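Given next are the chains, with one letter for each unit.
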Protein chains: 2
Amino acid sequence: MGVVISFEEEQAKAETALAHLQALVTDDMVKVNQTIILKMQSSVPLIPQLAGHLIASGGKRLRPMLTLATSRMCGYKGDRHAELAACVEFIHSATLLHDDVVDESDMRRGLETANELWGNKASVLVGDFLFSRSFELMVADGSLEVLAILSNASSVIAEGEVLQLTTANNMDTTEDSYMQVIVAKTAALFAASCEIGAVIAEKPDAEQQALKSYGKNLGIVFQLIDDVLDFSAEQEKLGKSVGDDFREGKVTLPIVLAFRRGDEEERKFWRRTIEDLDQNDDDLETAIRLMDKHKALHDTVERARHYGAIAKDALAIFPNDDYRKALTGIVDFCVNRAY
Amino acid sequence: MGVVISFEEEQAKAETALAHLQALVTDDMVKVNQTIILKMQSSVPLIPQLAGHLIASGGKRLRPMLTLATSRMCGYKGDRHAELAACVEFIHSATLLHDDVVDESDMRRGLETANELWGNKASVLVGDFLFSRSFELMVADGSLEVLAILSNASSVIAEGEVLQLTTANNMDTTEDSYMQVIVAKTAALFAASCEIGAVIAEKPDAEQQALKSYGKNLGIVFQLIDDVLDFSAEQEKLGKSVGDDFREGKVTLPIVLAFRRGDEEERKFWRRTIEDLDQNDDDLETAIRLMDKHKALHDTVERARHYGAIAKDALAIFPNDDYRKALTGIVDFCVNRAY
């Protein structure tokens, strides 16, 4: 019964959805980028150098786009949204700098990481600076409600990152624990980015909660697919190497599923490679083969589709204008970038 | 003409000044400690474990005491000061966790550091948590003015820490550059801790500026003496080892002075040990001998006295009550802990 859609078609659709959102927020995004450049300045030259390396390295700016698009969808006419979108990107950038230190990453977005170029110390401290600077920007905006949402998101992100540390190298991690980590470390900032769109537009609580739910579920989709991509050849197109999570012993959902669906011998393989970090050259290949055998990557994408459907339904209370269509499309973009 | 006062007398006076301040804020401090314990809780057990290790390790809680005492001196009758004092301690604790990672320290306050016990990753992330949590507490307090002061202080601290990285291992560092670092990394939080006392008491700008100046200059005293203590046998009583700064090649004022006052051969010694970090077992002893020869430690204490005098004069516009006396005494405490 189902219509067969090729991966290429899915991917083309995904790219179109991203382009659609980008087109809608082009002018606002110029202001966001200006704010980012202006506010990362400091009398200490290393700060704009290091922050600029990360910020100019061509991330999609998905989170600030969400703040821009949700506020516009809510009929917001002012320009606070651009400054707040910059805050969101600053918080995200600060967490990336600290993540790369924690993960000992050497590549991001096809470039050497800041910690690789300037060392861990500078990355930790410039991360702290960006984080503080984002709060200064929020304080200048003056909304205690926005401050409450973003300061809470920041705490939750940090909790998620610590929780992830404690689940690393542990094959007893359940899908639920994994979900708890990604809801905190990734989905919380997506949720906050969208929720503040409704807040500054002074929309009632129903709209605010709807956007929070949209953002949260979209964030889950984003992270699930990120974890799939780590085992996919597509990853290399994003400037990252394949198998980073595997080499670090990070227990992501594809690994949780493959382990649980595997036999005793396979589980021994996962315990050796992930828990003991005792890995040989061909272990990554074996890991991917076992994932294929148990449809672990495929089913992680299926899980992502489930959360994506919730995200789309959360938008249903809004008029079906261009912004809603773009925000709906971005769910498909996040799912389909797996291919 | 001058009365000769022994080191022991100075030290006894210093301890009395600290005890005087502690006695005045005892009840309020109980509330601060309760807030700290309550707000460092998390569903992720590693967070209160790691944060609790640092926070319970017996710091003097000087910064929160300053918030308590300055607000009381300004006639504040409410209890917001206790929550805000906890915020200040959280920001301070977050910077300590990150500092110990950056400095690769293994001991603090006579205990192993958190990074030594739980690793750098956990220290970075729990630092982020405490920092975010402090902002949540400030948002709950609801004063945008307090938020502006503390978020700005946080940015300035991070800038100071980055600046310090770039001056490390550089013997061309001037006294001015050194001062720029310590004003940012240490004095900014002391200044903010005191300034918010006047803000919540709704005192006019003159009192607010006076307390900011008191705090800033007291913070400078504190850091100058900290840098002296690193070369003093007294240091070991504080649970730290002597010569940590020297071994890391941190260019503090005693080293700046000894280098500048030294002859060519001595300067070669400093370049080898501090810039090249090429150090032998007896180099620390030589460093201390050269500092003695050029009165570098003595004159750093003299510089501290100068800033201490400014701090005391900044308090002159306040009635000379017990709080002012205690805050004046704490300047002497900070100077005299050098002995």
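Keep in mind it's a predicted model, so treat the numbers as computed, not measured.

The rules behind the values
- Residues numbered from 1 in each chain as written.
- Chains lettered and ligands numbered in written order.
- Predicted model: local features only at pLDDT ≥ 70, side-chain atom pairs only at ≥ 80, totals over all residues.
- Heavy atoms only, no water.
- Domains from an automatic or database assignment.
- Contact = heavy atoms within 4.5 Å.
- Buried area = accessible area lost by both parts, 1.4 Å probe.
- Phe/Tyr/Trp six-rings, centres within 6.5 Å; stacked < 30°, edge-to-face > 60°.
- Helix = DSSP H or I, 4+ residues; strand = E, 2+ residues; numbered from the N terminus.
- Buried < 20%, exposed > 50% of the residue type's maximum accessible area, 1.4 Å probe, protein only.
- Lys NZ or Arg CZ within 6 Å of the ring centre and 35° of its normal.
- Salt bridge = Lys/Arg side-chain N within 4 Å of Asp/Glu carboxyl O.
- Polar contact = N/O pair within 3.5 Å; in protein donor to acceptor, adjacent residues only side chain to side chain.
- Nonpolar A, V, L, I, M, F, W, Y, C, P; charged D, E, K, R; others polar.
- Axes fitted to C-alpha atoms, helices over the stretch in contact; angles between N-to-C directions.
- Parallel < 35°, antiparallel > 145°, perpendicular 65-115°, else oblique.
- Left-handed = near helix turned anticlockwise from the far one by under 90°.
- Least-squares fit on C-alpha atoms with pLDDT ≥ 70 in both.

### Re the domain arrangement of chain A
Residues and elements named next belong to chain A.
Here is step 1 of the chain: Assigned domains within chain A: domain 1 (8-141) and domain 2 (143-321).
Here is step 2 of the chain: Placing a centre on the C-alpha atoms of domain 1 and another on those of domain 2 gives a separation of 20 Å.
Here is step 3 of the chain: In this complex, domain 1 contributes 30 residues to the contact, which on the side of domain 2 involves 31 residues.
Here is step 4 of the chain: Roughly 2700 Å² is buried in total at the junction of domain 1 and domain 2, and carbon and sulfur atoms are behind 69% of that figure.
Here is step 5 of the chain: Interface area lost by domain 1 to domain 2 is led by R63, M73 and C74, which between them contribute 23%.

### Here's the deal with the packing of aromatic side chains
Here is step 1 of the chain: Applying the stated criterion to the full structure yields twelve aromatic pairs over all chains.
Here is step 2 of the chain: Aromatic side chains F135 of chain A and F135 of chain B sit 4.0 Å apart centroid to centroid with 25° between the ring planes, which places their arrangement in the stacked category. Of this pair, F135 of chain A sits in helix α7 (residues 120-141) while F135 of chain B is found in helix α7 (residues 120-141), placing the two residues in two different chains.
Here is step 3 of the chain: Look at F135 of chain A and you get buried, because its relative accessible area is 0%.
Here is step 4 of the chain: Here F246 of chain A and W270 of chain A contribute two aromatic rings whose centre-to-centre distance is 6.4 Å and whose plane-to-plane angle is 80°, an arrangement assigned as edge-to-face. Placement of F246 of chain A in helix α11 (residues 244-248) and of W270 of chain A in helix α13 (residues 264-275) is noted, with a sequence separation of 24 residues between them.
Here is step 5 of the chain: Three or more aromatic residues joined by ring pairs form one cluster here, namely F131 and F135 of chain A together with F131 and F135 of chain B.
Here is step 6 of the chain: We note R337 of chain A situated over the ring of F222 of chain A; from NZ or CZ to the ring centre the distance is 4.1 Å.
Here is step 7 of the chain: One residue, R267 of chain B, lies across the ring of F259 of chain B, its end atom 5.5 Å from the ring centre.

### Quick notes on the interface of chain A and chain B
Here is step 1 of the chain: At the junction of the two partners, chain A supplies 36 residues and chain B supplies 36 residues.
Here is step 2 of the chain: Taken together, the links from chain A to chain B amount to zero salt bridges.
Here is step 3 of the chain: Our enumeration of links across chain A and chain B arrives at 14 residue pairs in polar contact (both at pLDDT 80 or more).
Here is step 4 of the chain: Looking at the side of chain A that touches chain B, the elements with two or more residues in it are α3 (46-55), α5 (80-102), α7 and α8 (144-167) of chain A.
Here is step 5 of the chain: Across the side of chain A that touches chain B, the residue classes break down as 19 nonpolar, ten polar and seven charged.

### Regarding the packing of α5 of chain A against helix α9 (residues 175-200) of chain A
All names here are of chain A.
Here is step 1 of the chain: In contact at an axis separation of 11 Å, α5 and α9 are set at 165° when each is read in the N-to-C sense. The angle between the axes of α5 and α9 places the two elements in the roughly antiparallel class. Relative to α9, the crossing made by α5 is right-handed. On α9, the residues touching R80, H81, L84, V88, I91 and H92 of α5 are L189, S193, I196 and I200.

### Describing the relation of the copies chain A and chain B
Here is step 1 of the chain: Placing chain A over chain B gives an RMSD of 0.0 Å and needs a rotation angle of 180°, together with 0.0 Å of translation along the axis. Interpreted geometrically, this transformation is the action of a two-fold axis.
Here is step 2 of the chain: Interface residue correspondence from chain A to chain B reaches 100%, placing this contact among same-surface, isologous pairings.

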